[in-house]
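One letter stands for each residue in the lines below.
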Amino acid sequence: MKRIFVLSIALFLSVKLFSQDATIYLWRNVKGMEKQPSVMFMHKPAESVKNTKTAVIIAPGGSYHHLGLYNEGYCSAKWFSDNGVTAFMLKYRTNESFYNEPAMLQDIQRAIQIVRENADEYDIDPSKLGVIGYSAGGHLVAMAGEFFETHNELEKLGIETDVSLRPDFCMPIYPVVSMQDDIAHRWSRKSLLGKKQSQEHKNEFSLEMQVPDNMPPTYIVVCKDDPVVIPENSMRLYAALEEKNIPNCRIAVYEWGKHGFGMLNNDFMKEFHWNEALKEWMIEIGMMD
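### A short note on the overall build of the protein
Argument step 1. For the protein, the count of helices and strands is 11 helices and 8 strands.
Argument step 2. Taken over C-alpha atoms, the radius of gyration comes to 18 Å for the protein, in line with the 19 Å a tight globule of 289 residues would show.
Argument step 3. Projected onto its principal axes, the C-alpha positions of the protein cover 60 × 50 × 40 Å.
Argument step 4. Of all 289 residues assigned to the protein, the portion counted as buried reaches 55%.
Argument step 5. Summarising the internal contacts of the protein: among those between residues at least 6 apart in sequence, 76% fall at separations of at least 24.
Argument step 6. Split by element, the accessible area of the protein, about 13,300 Å² in all, is 50% carbon and sulfur.
Argument step 7. Of the charged side chains in the protein, 30 are positive and 38 negative; the average position of the first set lies 7 Å away from that of the second.

Have a look at this one:
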């Protein structure tokens, strides 16, 4: 009986945590794409806090193979909504279901389009839309910040829109960045690019080599003891941003924390409160009160 009670409480808490205000299917009405499984879960700001009119699209990590939906997705969505930001947790296509690029970029560009086109309905300001991604998701949101003009995947699908695909700010957290042999996260590279990887292909998706002059303000988080994605990935991206003189860019380097902490209330969060430093930056650039 006690076991049943505990399981019932756990189920209740899970439903409460994972609940969302809307489920948005990205490709439902797009000819030829109707069967694609990509979806967003919208989490509106808590009623007890002021709506900042800012929105973020959250891209969990998982080596472009799977998705870390709990600590990087739902926990992040809860934190943002509790702080007055409308959060859209993006369940994008991955190699677990045999997808490679450009499926992932298609998904985040489509997500940006949908959020901006429905800004009034979602009660947000379309000029205050950011992206945050973890690990491989960090690579994805950096692609969104870099490739909105050079890789317009929606245009290739025959989708016309008047809204910009450029995020207003970009937050890669312990990100995969480079596809170069010396520092690449090889599982992410294989999941994104497939088995046949020419040097030209690697260069194209090495984001430290592709920063445009109009890259959005970017906030990078990395830990020196990351055993999964070599921290040099973040360092090279930040160096490229500095070289291009992209305004309001920041890198937060922590002594320890490893990889995959997301926004869980773990030892790293208790010690450093990294999301509070992120919040201060968002206030600084006018995206939060």
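The discussion continues.
### Looking at the pattern of salt bridges
Argument step 1. For the structure shown, the criterion picks out 14 salt bridges.
Argument step 2. Residues Lys202 and Asp181 are paired through a salt bridge, measuring 3.0 Å at the closest nitrogen-oxygen approach. One end of the pair, Lys202, is in helix H8 (residues 199-204); the other, Asp181, is in the loop between strand S6 (169-173) and helix H7 (186-193), with 21 residues separating them in the sequence.
Argument step 3. Between Arg236 and Asp182 there is a salt bridge, with the nearest N and O atoms lying 2.6 Å from each other.

### Some words on the confidence of the model for the protein
Argument step 1. Of the residues in the protein, 93% reach a pLDDT of 70 or more, and the chain-wide mean stands at 93.
Argument step 2. Considering only residues more than four positions removed or in separate chains, one finds that residues 1-17, a stretch of pLDDT under 50, has 2 contacts.

### Here's the deal with helix H11 (residues 274-284)
Argument step 1. Along H11, the positions that sit buried rather than exposed are Trp274, Asn275, Leu278, Trp281 and Met282. Along the axis of H11, the buried positions cluster into a sector of 110°, meaning they face one direction only.
Argument step 2. Summarising the contacts, the buried residues of H11 are in contact with helix H2 (69-82), strand S5 (129-134), S6, strand S7 (219-223), strand S8 (250-254) and helix H10 (267-272).
Argument step 3. In the stretch just after H11, Gly286 is the one whose phi turns positive, near 85°.

### Considerations on unusual backbone geometry
Argument step 1. Of the consecutive residues Glu101 and Pro102, the connecting peptide bond is found in the cis state with omega at 15°.
Argument step 2. Residue placement: Pro102 occurs in the loop between strand S4 (86-91) and helix H3 (103-117).
Argument step 3. Look at Ser135: it is not a glycine, yet its phi comes out positive at around 60°.
Argument step 4. Its location among the elements puts Ser135 in the loop between S5 and helix H5 (136-146).

### Some words on the packing of aromatic side chains
Argument step 1. In the structure shown here, the tally under the stated rule is 17 aromatic pairs.
Argument step 2. When the ring of Phe147 is compared with that of Phe205, the centres are 6.0 Å apart and the planes differ by 80°; the resulting orientation is edge-to-face. With a gap of 58 residues between them, Phe147 in the loop between H5 and helix H6 (153-156) and Phe205 in the loop between H8 and S7 connect regions that are remote in the sequence. Each member of the pair, Phe147 as well as Phe205, is classed as buried.
Argument step 3. Taking the centre distance of 4.2 Å and the plane angle of 35° together, the rings of Phe261 and Phe268 count as tilted. Each member of the pair, Phe261 as well as Phe268, is classed as buried.
Argument step 4. Pairwise contacts between aromatic rings join Tyr134, Tyr174, Tyr254, Trp256, Phe261, Phe268, Phe272 and Trp274 into one cluster.

Cut-off values and rules
Residues numbered from 1 in each chain as written. Predicted model: local features only at pLDDT ≥ 70, side-chain atom pairs only at ≥ 80, totals over all residues. Heavy atoms only, no water. Helix = DSSP H or I, 4+ residues; strand = E, 2+ residues; numbered from the N terminus. Rg over C-alpha atoms; globule rule 2.2 N^0.38 Å. Buried < 20%, exposed > 50% of the residue type's maximum accessible area, 1.4 Å probe, protein only. Contact = heavy atoms within 4.5 Å. Areas by Shrake-Rupley, 256 points an atom, 1.4 Å probe, with all protein chains shown as cover. Lys, Arg positive; Asp, Glu negative; His and termini not counted. Charge placed at Lys NZ, Arg CZ, Asp CG, Glu CD. Salt bridge = Lys/Arg side-chain N within 4 Å of Asp/Glu carboxyl O. pLDDT = per-residue confidence, 0-100. Arc of directions from axis to C-beta. Phe/Tyr/Trp six-rings, centres within 6.5 Å; stacked < 30°, edge-to-face > 60°.

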